[in-house]
Amino acid sequence: MTVSECPRCQSQNIVKSGVVNERQRYLCKKCNYYFTVNKIGKRIDNYYVTKALQLYLEGISYREIERIIGVSHVTVSNWVKEFKVKKPSHTDYHPTYKIFNHLELVEYLKDKGHLSGAGMIITELGDKFMLIKWERFKD
Ligand SMILES: [Zn+2]
């Protein structure tokens, strides 16, 4: 895992600053934030790997996943291989997704028409929510 930017301010002006608990520590010269490689690597990877694989299983394409979570489609396809995720074939329905903030989500769910005849999952995505919906129960 190589570090190229500060996890707090995204500045690339970072320098090595000693080793703590056997981890390389870095200092951001712009915002004076200290961080270690393992810490940020793990946090970002596990979160986005899980989200990306969820989306993949729901039948969403690599390119769409790239647009939603901002991880390149090549990386996503590597994760699919690495974790040996096999997607069941979705022949009779195709999921759609929407990104909401909390208020929009509440408004959307208020309308019962959006809920009947369809399955959906809601997953947290940064400071927003993603609703994946598929209508396989509709005739
Ligand atoms: Zn910084």
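Look above for the structure.
The rules behind these values
Throughout, residues of each chain are indexed from 1 in the direction in which the sequence is written. Residues qualify for local features only when their pLDDT is at least 70, as the model is predicted, and side-chain atom pairs are given and counted only at 80 or more; totals for whole chains, interfaces and linings, by contrast, use all residues. Helix numbers and strand numbers start at the N terminus; a helix is a DSSP run of H or I with at least 4 residues, a strand a run of E with at least 2. Residue burial is a threshold on neighbouring C-beta atoms within 10 Å of the residue's own C-beta, all placed from the backbone, with 20 or more meaning buried, 12 or fewer meaning exposed, and counts in between meaning partly exposed. This entry defines residue contacts through backbone-placed C-beta atoms, with two residues in contact when those atoms are within 7 Å. Axis lines are fitted to C-alpha atoms, over the contacting stretch for helices. Their N-to-C directions set the angle, which ranges from 0 to 180 degrees. Roughly parallel means an angle under 35 degrees; roughly antiparallel means over 145; roughly perpendicular covers 65 to 115; every other angle is labelled oblique. It is the rotation of the near helix from the far one that decides the hand of a crossing: anticlockwise by less than a right angle makes it left-handed, clockwise makes it right-handed. When residues are sorted by character, Ala, Val, Leu, Ile, Met, Phe, Trp, Tyr, Cys and Pro go into the nonpolar class, Asp, Glu, Lys and Arg into the charged class, and all the rest, Gly among them, into the polar class. Strands are labelled as partners when DSSP assigns at least two bridges between them.

Visitor: Is there a simple way to think about the overall build of the chain in this case?
Guide: Secondary structure assignment for the chain yields 4 helices and 6 strands. Listing each helix as α and each strand as β along the chain from the N terminus yields β-β-β-α-α-α-β-α-β-β. Among the 139 residues that make up the chain, the fraction classed as buried is 9%. By sequence separation, contacts in the chain at least 24 residues apart represent 40% of the contacts at least 6 residues apart.

Visitor: Looking at this model, I keep getting lost on unusual backbone geometry. Mind explaining?
Guide: The phi torsion of most residues other than glycine is negative, and most of the peptide bonds are trans. Located in the positive-phi region is N32, a residue other than glycine, with phi close to 60 degrees. By the secondary structure assignment, N32 is in the loop between β2 (23-28) and β3 (34-36). Assessed through the 10 C-beta atoms surrounding it within 10 Å, N32 is described here as exposed.

Visitor: Could you clarify how one ought to interpret the packing of helix α2 (residues 62-69) against helix α3 (residues 73-82) in this entry?
Guide: Two packed helices can be described by the angle between their axes and the distance between those axes. Interaxial distance between α2 and α3 falls to 8 Å at its minimum, and their mutual angle equals 115 degrees. One finds that α2 runs roughly perpendicular with respect to α3. In the packing of α2 onto α3, the handedness of the crossing is right-handed. Facing Y62, R63, I65 and E66 of α2, the residues of α3 in contact are H73, V76 and S77. Of the residues belonging to the contact of α2 with α3, the class tally is 3 nonpolar, 2 polar and 2 charged.

Visitor: In this structure, what is going on with the sheet that holds β3? I would like to understand it.
Guide: The strand order β1-β2-β3 describes an open sheet built from 3 strands, whose pairing is antiparallel. Edge positions in the open sheet fall to β1 (14-20) and β3, since each of these has one partner strand only. In this sheet, neighbouring strand axes are inclined to one another by 35 degrees on average, regardless of whether the strands run parallel or antiparallel. Looking at chain direction, β1 and β2 are connected through 5 bridges and run antiparallel. Bridging from a neighbouring strand, V19 pairs with Q24 of β2.

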